[in-house]
Amino acid sequence: YTAEEVNYEIFEELHLDPVVEQEVQDAWNAFLKSAGSREAAAEAIYAAVYDAAPSLQALFKTPRAVMVIRIMTGLHQIITEVHNPKGLK
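Numbering of residues begins from 1 in every chain and follows the order in which that chain's sequence is written. Where local features are concerned, this predicted model is filtered to residues with pLDDT of at least 70; where side-chain atom pairs are given and counted, the filter is 80 or more; whole-chain, interface and lining totals use all residues. The basis for every side-chain value is the complete set of heavy atoms in the structure, and neither hydrogens nor water enter the calculation.

1. Looking at the confidence of the model for the chain
- pLDDT is a per-residue confidence score from the predictor, ranging from 0 to 100. When pLDDT is averaged across the chain, the result is 87; 97% of the residues are at 70 or more.
- Helix and strand definitions here come from DSSP, where helices need a minimum of 4 consecutive H or I residues and strands a minimum of 2 consecutive E residues; each element is numbered from the N-terminal end. Mean pLDDT values for the elements of the chain range from 84 in helix α4 (residues 85–88) up to 94 in helix α1 (residues 18–35).

And the structure:
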């Protein structure tokens with residue numbers, strides 16, 4: 001398969017070029033810096049997702065503050081492990 005095709009039957013390791021890995025981490029760090037704090041960055045991501053799907057807002061049962069922390073924890077873990085295919089999986 002290619003980058004344009006999604007294979008939902010398997011979950012392979014993601015191997016990125018070291019340059020791409022660094023660019024991902026640099027972009028993430030720039031985003032965090034521009035947001036002012038990790039919490040503000042997570043709040044911005046949550047708000048973007050929440051506001052983009054008004055018809056789904058009733059499905060959001062977990063308190064916003066809890067979800068903001070979960071979003072930040074998950075994304076930060078993914079970004080910091082971008083160099084580690086096994087860690088990403």
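2. With respect to helix α3 (residues 64–80)
- In a helix, the anticipated span is given by 1.5 Å times the number of residues less one. Here α3 contains 17 residues, and its C-alpha end-to-end distance of 24 Å stays within 8% of the 24 Å for a straight helix at 1.5 Å per residue.
- The complete set of buried residues in α3 reads Val68, Ile71, Met72 and Ile79. One side of α3 holds all its buried residues, which, seen down the axis, span an arc of 95 degrees. Looking at α3, the residues exposed on the side facing more than 90 degrees away from the buried face are Ile69, Arg70 and Gln77. Only protein chains enter the accessibility calculation, which uses a 1.4 Å probe. A residue is then buried if its area is under 20% of the maximum for its type, exposed if over 50%, and partly exposed in between. Taken from the helix axis, the directions to the C-beta atoms give the arc we talk about.

3. Observations concerning the nonpolar core
- Core analysis: the biggest nonpolar cluster contains nine residues, these being Trp28, Leu32, Ala41, Ala42, Tyr46, Val68, Ile71, Met72 and Ile79.
- Where this core is concerned, the elements lending two or more residues are α1, α2 (38–52) and α3.
- If you tally residues by element for this core, the top one is α3, at four residues. By convention a nonpolar core is built from buried Ala, Val, Leu, Ile, Met, Phe, Trp, Tyr and Cys residues, the set being connected through side-chain atoms within 4.5 Å.

4. A short note on α1
- Taking 1.5 Å of rise per residue, 18 residues should cover 26 Å, and α1 covers 26 Å from first to last C-alpha, within 8% of that figure.
- The set of residues buried in α1 consists of Glu21, Trp28 and Leu32. Taken down its axis, α1 places every buried residue within 35 degrees of arc, on the same side. Those residues of α1 that are exposed and angled more than 90 degrees off the buried face are Val19, Glu23, Lys33 and Ser34.

5. Considering a nonpolar patch on the surface
- Together, Val49, Leu56, Leu59 and Phe60 make up a nonpolar patch on the protein surface, roughly 370 Å² of accessible area in all.
- Position of Phe60 relative to the elements: it lies in the loop between α2 and α3. Each patch is built from salt-bridge-free residues with over 30% relative accessible area, joining like charges within 9 Å and nonpolar side chains (Val, Leu, Ile, Met, Phe, Trp, Tyr) within 5 Å. Only the protein chains shown count as covering a residue, and every accessible area follows the Shrake-Rupley method with a 1.4 Å probe. Any carboxyl oxygen of Asp or Glu that lies within 4 Å of a side-chain nitrogen of Lys or Arg is treated as forming a salt bridge with it.

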